[in-house]
Amino acid sequence: MLMPKLYVLATPIGNLEDISQRALRILREVDFIVAEDTRVTKKLLFHFQIEKPLVSYHHHSSQKEVERLLNLLKEGKVVALVTDAGTPGISDPGGRLVAEVLKRSGENVQVIPIPGPNAAVTALSISSFPADKFLFLGFSPHKKGRKTFFQKVADSEYTVVFYESPHRIIKTLKEMSEHEELKNRQLVVARELTKKFETIYRGTASEILSEAGKELSKGELAIVVNTVIG
Ligand code: SAM
């Protein structure tokens, strides 16, 4: 029997042209695709005229569902893991499945990365801020822990990148504009990267708030924070 394979495969963060040739070939070759949201992945597959059985795997997947996936691999199936956008495991449930597979099947499964887009690195690449080293903090916390989060941002000796929801962006920028050590920092707020309404805002938190206002609350956002005062 061939060794089972789990491809951890990056998909576009908006613009479908950003999928790699290799990713498309693998999606065409695998036996199953494990997807965070099968409706989102169905659209991607439909666009590229790929028909494959889909299995769902998300934050709330039960242990029974995880077992089902592990059994597919045990049967020698070749599986691709995709999430809704970007690189699986980066602030999405992909990482948990990779950990389960390695814990349970160890060296009997080949885990193969298929690299591609990632919102944090894309935002960083156009920030103009030092990116030879950086700190990625995922999403800012909803409620508890926000003070500690922003202090971590302020204390970092490296450029910081984090993700923000459109519901909280105004609140976040307000908090940053009132934070003694963050209010004069240069920021990049990258909205809807690679999509039709892609917009890059540059400036301090209060400058971006007055320039963009409510427009910020529409779409997906990644924030880059320079260590240098603007
Ligand atoms: N795994 C993904 C990656 O590699 O970037 C990230 C998944 S995380 C659940 C989704 C968050 O990433 C969004 O809420 C947003 O903060 C950020 N994001 C995803 N697509 C984006 C885009 N096109 N523009 C800006 N930020 C984006």
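Above this text sits the structure in question.
Note that residues are indexed from 1 along each chain, following the sequence as it is written. Selection of residues for local features in this predicted model requires a pLDDT of at least 70, selection of side-chain atom pairs for listing and counting requires 80 or more, and totals for whole chains, interfaces and linings are taken over all residues. Hydrogens and water molecules were not included; the side-chain quantities draw on all heavy atoms of the structure.

A short note on the packing of aromatic side chains
Note the cut-off: Only Phe, Tyr and Trp rings are paired, with Trp represented by its six-membered ring, and only when their centres lie within 6.5 Å; those with planes under 30 degrees apart are stacked, over 60 edge-to-face, the remainder tilted. By the criteria applied, helices consist of DSSP H or I runs no shorter than four residues and strands consist of E runs no shorter than two, each listed in order from the N terminus. Only protein chains enter the accessibility calculation, which uses a 1.4 Å probe; a residue whose area is less than 20% of its type maximum is buried, one above 50% is exposed, and one in between is partly exposed.
According to the stated counting rule, one finds four aromatic pairs in the structure shown. Judged by centre distance (5.1 Å) and plane angle (70 degrees), the rings of Phe136 and Tyr163 are edge-to-face. Of this pair, Phe136 sits in strand E6 (residues 134-139) while Tyr163 sits in strand E7 (residues 159-164), placing them 27 residues apart in sequence. Given a relative accessible area of 27%, Phe136 falls into the partly exposed group. With a centroid separation of 5.3 Å and 85 degrees between ring planes, the pair formed by Phe149 and Phe150 is classed as edge-to-face. Pair check on accessibility: Phe149 and Phe150 agree, each one buried.

A word on the site of the ligand
Put simply, the rule reads: Here, proximity means that at least one heavy atom of the residue falls within 4 Å of the molecule or strand. The term polar contact refers here to a pair of N or O atoms within 3.5 Å; inside protein, the definition further demands a hydrogen-donor-capable atom paired with an acceptor-capable atom, and it admits residues adjacent in sequence only when both atoms are side-chain atoms. Method for areas: the Shrake-Rupley scheme with a 1.4 Å probe, in which residue coverage is limited to the protein chains shown.
For the ligand, the set of nearby residues contains 19 residues, the closest of which are Thr87, Asn118, Ala119, Tyr163 and Leu221. One of the backbone N or O atoms of Ala85 is found 3.3 Å from a nitrogen atom in the ligand. For the ligand, an oxygen atom lies 2.8 Å from a polar atom in the backbone of Ala119. Contact with the protein chains removes 90% of the 570 Å² of surface that the ligand exposes when unbound. Among the elements of the structure, E7 and strand E10 (221-229) are those that each provide at least two residues to the shell around the ligand.

Concerning the sheet that holds strand E3 (residues 54-56)
Short version of the rule: Whether two strands pair depends on DSSP finding at least two bridges between them. The axes used here are C-alpha line fits, helices contributing only the stretch in contact, and every angle between their N-to-C directions lies in the interval 0 to 180 degrees.
Ordered by their spatial adjacency, five strands build an open sheet running E3-E2-E4-E1-E5, and the pairing between neighbours is parallel. The open sheet has two free edges, formed respectively by E3 and strand E5 (110-114), since each of these has just one partner strand. Strand-to-strand twist in this sheet, taken as the mean axis angle between neighbours without regard to direction, amounts to 25 degrees. Relative to strand E4 (residues 78-82), strand E1 (residues 5-9) runs parallel, the two being bridged by four bridges. Bridge pairing in E4 links Lys5 to Val78.

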